[in-house]
Every structure is written in structure tokens, then in C-alpha cells.
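Below, each chain spelled out in residue letters.
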Amino acid sequence: RKILVLNGPNLNLLGTREPEHYGRDTLDTINVRLAAQAQAAGYGYDTLQSNAEHVLIDRVHAARTDGTEFVLINPAAFTHTSVALRDALAGVQLPFIEVHLSNVHAREAFRHHSYFSDLAVGVICGLGAHGYELAMAHAIRLLDAKAA
Ligand code: DQA
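Residues numbered from 1 in each chain as written. Predicted model: local features only at pLDDT ≥ 70, side-chain atom pairs only at ≥ 80, totals over all residues.

- Identification of the protein chain as 3-dehydroquinate dehydratase from Crenobacter oryzisoli is taken from an unreviewed UniProt entry.
- Quoted verbatim from the Catalytic activity (unreviewed entry) field of UniProt, the annotation for the protein chain is "3-dehydroquinate = 3-dehydroshikimate + H2O". (UniProt positions renumbered as here; feature names shortened; annotations may be inferred.)

Here it is in C-alpha cells:
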């Protein structure tokens, strides 16, 4: 039983990238916390960051048969552009939570639309890196409830 965390383009730069929008935590720091959270609850943890759309799509496809039961995804700029990544998530039928560090609704109009939100269990935005931890807590709660 595994929880998969996917991060899209430019999130490898977290820590130094526009910290006024995205905070100062690095992706490694975030992943260490999320892995500990998942493991403490008895779930496996896997994560991938990619700047390439097809790599994220292929990882979503693999999740269908690798024991993944829940996905947390920050599609980053692909949020606003990628029908293909949306279709991949719809295709594997895995539940997912959409996470954004920044409050996309307080920013440019092109960030207000997401190709993912209507398929997501829920969406968290604007809470910085804490948003991933809140999403993880909710994923664990849902999986625990499913097992009970
Ligand atoms: C983001 C918001 C997107 O609009 C942007 O393209 C990103 C990061 C966020 O986490 O706030 O790269 O998904």
C-alpha cells in the first residue's frame, strides 16, 4: 500500500525559486517530511519530480500496477496546460489530491484554471509546503477508512 507524490516542472528549484510565492523549503526537505508521515502511518512512499510531461504520464500509468493507492500531485505549470496528464490520471482511476504551494487564485488569470480540479478528491492551494502535509494526512485518513 503506497502513496505516490508527483511534482511537475520547475519544482526541482524549490528553495531558491521565487520564494515569495513558493517558500524556502527545498523539495528534498518536503519529501523527507512526507515520507516520514506516510511510513509512520504504515504506508509506502514514492515520489517523482519531472520537468517532462511524458515522464509524469508514464509514472501515472505505472502507478496502476505498482501498489499505489493514492496520489498527491502538484502539476505545477502543467496544471494550466496539460490535457494529457489529466487524461492519464482519469485513465488509471486512482484518487488524487491536487496541491499548489501558492494561492493560484490570487495570481495571474492564466493560473485560475486547472485541468485537474474537477477530477481531484480535493484541492489545496496557498498553504505553502504545509499543504502537502495536510494532503498526506487526508490521504492517510481515507486509506485507513477504506481498510477498516
Ligand atoms: C504551482 C502554481 C503554478 O501556477 C505554477 O506554474 C507552479 C507552481 C504552485 O505550487 O503554486 O509551477 O503549482
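Moving on, there is more to tell.
Let's talk about the pairing of strand E4 (residues 96-100)
- Burial of E4 is extensive: five of the five residues sit out of reach of the surface.
- The side-chain alternation of E4 yields two buried faces, one formed by Phe96, Glu98 and His100 and the other by Ile97 and Val99.
- In terms of strand pairing, strand E3 (residues 68-74) meets E4 through three bridges, oriented parallel. Within E4, the residue paired with valine 71 across the bridge is phenylalanine 96.
- Direction of pairing for E4 relative to strand E5 (residues 122-125): parallel, over a ladder of four bridges. Following the sheet pairing, glutamate 98 is matched in E5 by valine 123. (Buried ≥ 20, exposed ≤ 12 C-beta atoms within 10 Å, placed from the backbone. Helix = DSSP H or I, 4+ residues; strand = E, 2+ residues; numbered from the N terminus. Pairing = 2+ DSSP bridges.)

Points about helix H5 (residues 130-147)
- For H5, which comprises 18 residues, the first-to-last C-alpha distance of 26 Å matches the rise-based estimate of 26 Å (1.5 Å per residue) to within 8%.
- Of the residues making up H5, those classed as buried are Gly131, Tyr132, Ala135, Met136, Ala139 and Leu143. Each buried residue of H5 lies within a common arc of 135° when the element is viewed along its axis, so the set occupies one face. Exposed side of H5, more than 90 degrees from the buried face: Ala137, Arg141, Asp144 and Ala145 are the residues found there.
- Buried residues along H5 sit in contact with strand E1 (2-7), helix H2 (27-40), E3, E4 and E5. (Expected span 1.5 Å × (residues − 1). Arc of directions from axis to C-beta. Contact = placed C-beta atoms within 7 Å.)

Description of the nonpolar core
- Formed by 36 residues in total, the largest nonpolar core has its most connected members in Ile3, Val71, Leu72, Ala135, Met136 and Ala139.
- Looking at this core, the elements that each hand over two or more residues are E1, H2, helix H3 (53-63), E3, helix H4 (83-92), E4, E5 and H5.
- Here this core takes five residues from H5, the largest share from any one element.
- Those residues in contact with alanine 135, other than ones at most four positions away along the chain, are Leu72, Ile97, Val99 and Ile124. (Core = buried A, V, L, I, M, F, W, Y, C linked by C-beta atoms within 7 Å.)

Brief notes about the environment of isoleucine 140
- Within the element layout of this structure, isoleucine 140 appears in helix H5.
- Along the backbone, isoleucine 140 and histidine 130 are ten residues apart, and their C-alpha atoms lie at a distance of 15 Å.
- Excluding residues within four positions of it along the chain, isoleucine 140 makes contact with Ala41 and Tyr43.

Observations concerning the site of the ligand
- In the neighbourhood of the ligand, the contacting residues comprise Asn10, Asn74, Ala76, Ala77, Thr79, His100, Leu101, Ser102, Val104 and Arg111.
- Across the shell around the ligand, the residue classes break down as four nonpolar, five polar and one charged. (Near = placed C-beta within 6 Å. Nonpolar A, V, L, I, M, F, W, Y, C, P; charged D, E, K, R; others polar.)

Brief notes about the UniProt feature "site: Transition state stabilizer" (unreviewed entry) in the protein chain
- Here the UniProt feature "site: Transition state stabilizer" (unreviewed entry) sits at Arg17.
- Leave out the neighbours within four places in its chain, and arginine 17 touches Asn10 and Tyr22.

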